[in-house]
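Analysis of the macromolecular model
Below are the chains, spelled out letter by letter.
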Amino acid sequence: MQIKRLRLTGFKSFVDPADLRIEPGLTGIVGPNGCGKSNLLEALRWVMGETSAKSLRGAGMEDVIFAGTATRPARDFAEVSVLADQPGDEELEVVRRIERGAGSAYRINGRDVRAKDVGLAFADAATGAHSPALVSQGRIGAIIAAKPAERRAMLEEAAGIAGLHVRRKDAEQKLRATEANLTRLDEVIGDQE
Ligand code: ATP
C-alpha cells in the first residue's frame, strides 16, 4: 500500500481544507516550531483508527477538532481522508469524521463502515494506527529509557504477536470457567450417587 494523499479539514491547527501529496521518492515536511508537522502524523494515525486521545496529545477525542484562535471561531467537526494505492486493487480512500457530541464515523470508498473495518483494511496491508513505522516525537527516547518488560512489549508489537497475549488471556479465562463447571458437575454427580 502506498499513501498518496492526506486531506485535513478542521483537524487540530488545519482549520481550512489542506492537502498533503506524497509523491514517489522522499517527502520531507519542514517548518517552524508549532506549525503543525506533528499534527500531520497524528492525522494519519487518527484516520487509521487511533482510539487513544492521549496519544494524540489530547484529553478527549474531540480535542482533535479545531478549537479556535483569537481571529477564527472553533469548528464543530474535523475530517481527515487518506488516499492510497493498493497493488492489484482499486484505490483505497478512508475518511474519518468527528462531530462535537456525535463521535466518529468512517467511510471506505464512499461506504459507511465500522472502525473495525478500517482497522482490518490497514492491517491487511501490514500497517495501521499503531504501526512501528510511525515514529512520534519522543518515541526514540522512550525506547532507550524503556524498562526490559516495556521494550519486550514493543518488540512483540513489531513482530506482530502482541495480539496473541489477548487471545491467551481469553483462553485462560475459558479454561478457568470450564474447570469450575467440571468441579460443579462432580458435586452434582456426587449428590446423586
Ligand atoms: P514542533 O516543531 O515544535 O514539534 P510541530 O510543527 O510539530 O512543532 P505541532 O505540534 O504539530 O507542531 O502543532 C502544534 C500546534 O497545533 C499548536 O500551535 C497548537 O496550538 C495547535 N493545535 C493543536 N490542537 C489544536 C486544536 N484542536 N485547535 C487549534 N489548534 C490546535
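Residues numbered from 1 in each chain as written. Predicted model: local features only at pLDDT ≥ 70, side-chain atom pairs only at ≥ 80, totals over all residues.

Quick notes on the overall build of the protein chain
Quick note on the threshold: For the purposes of this entry, the term helix denotes a DSSP run of H or I that reaches at least four residues, the term strand denotes a run of E that reaches at least two, and both are numbered from the N terminus. Neighbour counting defines burial: a residue surrounded by 20 or more other C-beta atoms within 10 Å of its own C-beta is buried, one with 12 or fewer is exposed, and intermediate counts give partly exposed, using backbone-placed C-beta atoms. By definition, residue pairs are in contact when their C-beta atoms, positioned from the backbone, come within 7 Å.
Helix and strand counts for the protein chain come out as five helices and six strands. Counted from the first residue to the last, the protein chain has its helices and strands arranged as β-β-α-β-β-β-β-α-α-α-α. Considered along the principal axes of its C-alpha atoms, the protein chain spans approximately 80 × 45 × 40 Å. By residue count, 18% of the 193 residues in the protein chain fall in the buried class. Nonlocal contacts in the protein chain, meaning residues at least 24 apart in sequence, comprise 50% of its contacts between residues at least 6 apart.

Concerning the site of the ligand
Put simply, the rule is: Only the C-beta atom, placed from the backbone, is used; a residue is near a molecule or strand if that atom lies within 6 Å of it. Any residue outside Ala, Val, Leu, Ile, Met, Phe, Trp, Tyr, Cys, Pro, Asp, Glu, Lys and Arg is labelled polar, Gly included; the first ten of those are nonpolar and the last four are charged.
In the vicinity of the ligand there are 15 residues, among which N33, K37, S38, N39 and A67 approach most closely. Among the residues forming the shell around the ligand, the class breakdown is four nonpolar, eight polar and three charged.

Here's the deal with the sheet that holds strand β5 (residues 103–108)
Where we set the bar: Pairs of strands are assigned from DSSP output, requiring at least two bridges between the strands. Here, axes are lines fitted to C-alpha atoms. For helices the fit covers the stretch in contact, and angles between N-to-C directions go from 0 to 180 degrees.
The antiparallel open sheet is built from six strands, whose spatial order is β2-β1-β3-β4-β5-β6. The sheet is open, and its two borders are formed by β2 (18–21) and β6 (111–113), each paired with just one other strand. Averaged over all pairs of adjacent strands, the angle between strand axes in this sheet comes to 20°, irrespective of strand direction. The pairing of strand β1 (residues 2–9) with β2 spans four bridges and is classified as antiparallel. The residue of β2 that forms the bridge with L8 is A18. Across the sheet, helix α1 (residues 37–47) lies against β1, β2, β3 (77–85) and β4 (92–99), angled at about 80° from β3, the strand it touches most. Most of the contacts of helix α2 (residues 115–123) go to β5, to which it runs at about 50°, and overall it touches β4, β5 and β6.

A short note on the environment of L185
Checked against the element boundaries, L185 lands in helix α5 (residues 162–192). Along the primary structure L185 and V166 are separated by 19 residues, whereas in three dimensions their C-alpha atoms are 29 Å apart.

What about the pairing of β3?
In this structure, β1 lies alongside β3, joined through seven bridges in antiparallel fashion. Note on β3: the bridge partner recorded for L6 is V82. Two elements, β3 and β4, share eight bridges in a ladder whose sense is antiparallel. For E79, the partnering residue across the bridge sits in β4 and is R97. Hairpin connection between β3 and β4: a loop of six residues separates the two successive antiparallel strands, and G88 in this loop has a positive phi of roughly 75°.

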